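Chain by chain, the residues run as shown.
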Amino acid sequence: MCPLQIFMAMKKFFKFVLHPTENLQNRGWSVWAIFTFVYILYSVCSNIIIYYLFSEFNSNVPLKTGEIDDIHISILLLLPPILEEAGFRLCLIRHRPYIFISLCVIMFLLLSKFVFGVVYSLESLIARIAIALTLGTLLFFMTKRALSTIKFPTYFYTLVLLFSLLHCFNYKLSDVSSLGKYIYILSYGLIKIPSSIILGYIRLSNGFVPVVCSHILHNAPTVILRHLV
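Everything numeric here is computed off the predicted structure, so don't read it as measured data.

### Thoughts on helix α3 (residues 73-88)
- Here α3 contains 16 residues, and its C-alpha end-to-end distance of 23 Å stays within 8% of the 22 Å for a straight helix at 1.5 Å per residue.
- Looking at α3, one finds that the buried residues are Leu76, Leu77, Pro80, Pro81, Leu83, Glu84, Glu85, Ala86, Gly87 and Phe88.

### Considering the side chain of Arg89
- Examined against the element boundaries, Arg89 turns out to sit in the loop between α3 and α4 (96-116).
- Once residues lying within four places of it in the same chain are set aside, the contact partners of Arg89 are Glu84, Phe163, Ser196, Leu199, Gly200, Arg203 and His215.

### Some details on the packing of α4 against helix α5 (residues 125-149)
- For the pair α4 and α5, interaxial distance at closest approach is 7 Å and the crossing angle is 130°. Of the possible angle classes, the one that applies to α4 and α5 is oblique. Relative to α5, the crossing made by α4 is right-handed.
- Class assignment for the residues of the contact of α4 with α5 results in 17 nonpolar, four polar and three charged.

### Let's talk about the confidence of the model for the protein chain
- Here the protein chain averages 87 in pLDDT, and 88% of its residues register 70 or above.
- The secondary-structure element of the protein chain with the lowest mean pLDDT is helix α7 (residues 179-190), recorded at 81, while helix α8 (residues 192-206) shows the highest, at 96.

### Topic: the packing of helix α6 (residues 152-168) against α8
- The interhelical angle for the contact between α6 and α8, taken along N-to-C directions, is 130°, at an axis separation of 9 Å. Relative to α8, α6 is oriented oblique. The two elements α6 and α8 meet at a crossing, and its hand is right-handed. Seen from α6, the contacting residues are Phe152, Phe156, Tyr157, Leu159, Val160, Leu161, Phe163, Ser164 and His167; seen from α8, they are Lys192, Ile193, Ser196, Ile197, Leu199, Gly200 and Leu204.
- Looking at side-chain class alone, the contact of α6 with α8 contains eleven nonpolar, four polar and one charged residues.

Basis of the calculations
Residues numbered from 1 in each chain as written. Predicted model: local features only at pLDDT ≥ 70, side-chain atom pairs only at ≥ 80, totals over all residues. Heavy atoms only, no water. Helix = DSSP H or I, 4+ residues; strand = E, 2+ residues; numbered from the N terminus. Expected span 1.5 Å × (residues − 1). Buried < 20%, exposed > 50% of the residue type's maximum accessible area, 1.4 Å probe, protein only. Contact = heavy atoms within 4.5 Å. Axes fitted to C-alpha atoms, helices over the stretch in contact; angles between N-to-C directions. Parallel < 35°, antiparallel > 145°, perpendicular 65-115°, else oblique. Left-handed = near helix turned anticlockwise from the far one by under 90°. Nonpolar A, V, L, I, M, F, W, Y, C, P; charged D, E, K, R; others polar. pLDDT = per-residue confidence, 0-100.

Have a look at this one:
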């Protein structure tokens, strides 16, 4: 993989950032490898920077929700990337079945997190799936025309922001007892915006399965290390 190839790939990416389009041709596995590496590198560096920046100013980092501590490592490696990509990236190709699946998955994630308080647990799973399917179906028929006609940049960046905002709720809001913790959570959400853009680009350039693989590769070291510790 030569420097010129990397430069051209990055040039096309920044052009996409300025003018997102859903009509990208398959960029090939070299582009997938480049942007998977960029995604992982960016995520690691940005998380380290905000963690140590807030530690330097003596702001305690808020606690994350403890749900994942009780989940088997294999489920935690596979299920979050599959669900998040199905919810926020599958529908970037605006075929109606993809939009329907994404709406149902987003409803499942929101319902599970904010109503039931668990996402990946088996607790009330059948009820959560049934309610999410009902709400997703209603939302699909209410919005299918609007979602298919809205300008793609608006559509794309709305999903980017929703994905980033959802990650703010990985922390216990009850633990947000100071302005420093609040700013930390907000910063954590903001650094997810470039990650979401990169994943969206991989989805449109290479397809759904490759972007799920990118997400799994990104999550794997953290999940494995957390369980070992």
